[in-house]
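Each chain, letter by letter, is given below.
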Amino acid sequence: IKKMKKQIILFAAIIFITAGASAQTNEMLVKNDPQNDKLNASEMKTSIREDKKELRKEARTEVSYLTKVQFNVDFGDIPVDNWERVNGLDEATFTKDGHVTSAFYDEDAQLIGTTTEKTFSDLPLKAQEWINKKYNSYTIGDVFFYDDNEVNESDMLIYNAPFNGEDSYFVEVKKDNNAIILHVDKDGNVSYFLRLK
């Protein structure tokens, strides 16, 4: 029986040592795995590419040629009144259907959305009634419609505030030295957006 106990203990020790050695070997294989190195190198390249893209975005002051080409794809051969680079976006201002419109493009020359000048009477009737009731002592200022490009997930800047929403109207109401921007959805629901300083 003593001999049998020694054999069992010896057998258990061999299994334990073998399992430990196997785990170390597997760990070394993972560390030295060329596929794992490729993944790390790929992640590093992606990170470097994104960093370079951010630097280009900050450094670029001129509208991208690719944006101008993409504009023609998106809108056809419409004359552009003004091209400019604003807040890291390329902006084209043009007249479409008698309305002044601006198209905004991201760093990859992809359309984020457009803004089009509107009038108060262009708002849904529900919104007009609500604004007339709640802001009857205010003067109506600028009104525009933001048409979001749903395919592009980039945020738009509306009055320098990030906006990542659906197609909407924005209405400026003023009283004395105060100006407030109201957000109006397509159903005519009105909400506060921001106060202009």
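Parameters and conventions
- Every chain's residues receive numbers from 1 upward, in the order its sequence appears when written.
- Given that the model is predicted, a residue must reach a pLDDT of at least 70 before its local features are reported, and side-chain atom pairs must reach 80 or more before they are shown or counted; all residues, however, enter totals for whole chains, interfaces and linings.
- To obtain the side-chain values, all non-hydrogen atoms of the structure were used and water was disregarded.
- For helices the rule is a DSSP run of H or I covering at least 4 residues; for strands it is a run of E covering at least 2, with both sets numbered from the N terminus onward.
- The buried label applies to any residue whose accessible area, calculated with a 1.4 Å probe on protein chains only, is under 20% of its type's maximum; exposed applies above 50%, and partly exposed to all values in between.
- Pairing between strands is defined by DSSP: at least two bridges between them are needed.
- Note on geometry: axes are C-alpha line fits, over the in-contact stretch for helices, and angles between N-to-C directions span 0 to 180 degrees.
- When checking whether two residues touch, look at their non-hydrogen atoms; a contact exists if any pair is within 4.5 Å.
- Whether two aromatic rings pair depends on their centres lying within 6.5 Å, for rings of Phe, Tyr and Trp, where Trp uses its six-membered ring; planes under 30 degrees apart make the pair stacked, over 60 edge-to-face, and the rest tilted.
- When we speak of the arc, we mean the arc of directions from the helix axis to the C-beta atoms.

**As for unusual backbone geometry**
Then comes step 1: For Asp 97, which is not a glycine, the phi torsion comes out positive at approximately 55°.
Then comes step 2: Position of Asp 97 among the secondary structure elements: in the loop between β2 (89-96) and β3 (99-105).
Then comes step 3: With relative accessibility at 70%, the residue Asp 97 sits in the exposed group.
Then comes step 4: Located in the positive-phi region is Asn 160, a residue other than glycine, with phi close to 65°.

**Remarks on the pairing of strand β8 (residues 168-175)**
In summary, the side chains of a regular strand alternate between the two faces of the sheet.
Then comes step 1: With six of eight residues buried, β8 lies mostly within the body of the structure.
Then comes step 2: When strand β5 (residues 139-148) meets β8, the two strands line up antiparallel, connected through six bridges. Pairing of Val 143 across the sheet is with Val 171, part of β8.
Then comes step 3: When β8 meets strand β9 (residues 178-185), the two strands line up antiparallel, connected through eight bridges. When the sheet's bridge partners are listed, Glu 172 is paired in β9 with Ile 181.
Then comes step 4: Taken together, β8 and the strand that follows it, β9, pair antiparallel across an intervening segment of two residues, in which Asp 176 is found at a positive phi of about 55°.

**With respect to the sheet that holds β3**
Then comes step 1: Spatial ordering of the open sheet is given by β1-β2-β3-β4-β5-β8-β9-β10, a layout of eight strands whose pairing is antiparallel. Either end of the sheet is taken by a strand with one partner, and the two such strands are β1 (80-86) and β10 (190-196). Strand-to-strand twist across the sheet, computed as the mean angle between neighbouring axes with direction ignored, equals 25°.
Then comes step 2: Alignment of β3 against strand β4 (residues 111-118), held across five bridges, turns out to be antiparallel. By the bridge assignment for β4, Tyr 105 is matched with Leu 111.
Then comes step 3: With respect to the sheet, helix α3 (residues 65-75) is in contact with β1, β2, β3 and β4, its orientation differing from that of β3 by roughly 130°.

**Overview of the packing of aromatic side chains**
Then comes step 1: The final tally for this structure, using the stated rule, is 13 aromatic pairs.
Then comes step 2: Ring geometry for Phe 170 and Phe 193: centres 5.0 Å apart, planes at 70°, overall edge-to-face. Highlighted residues: Phe 170 in strand β8 and Phe 193 in strand β10, separated in sequence by 23 residues. You'll find Phe 170 and Phe 193 in the same group, each marked buried.
Then comes step 3: Connected via pairs of aromatic rings, a cluster forms that spans Phe 144, Tyr 146, Tyr 159, Phe 163, Phe 170 and Phe 193.

**Side note on helix α4 (residues 125-134)**
Then comes step 1: All of the buried residues in α4 are Ala 127, Gln 128 and Ile 131. Buried positions in α4, seen along its axis, are confined to an arc of 100° and lie on one side of it. Exposed residues on α4 whose side chains face more than 90 degrees from its buried face are Leu 125, Glu 129 and Lys 133.
Then comes step 2: Tucked into the core, α4 has its buried residues touching β5, β8, β9 and β10.

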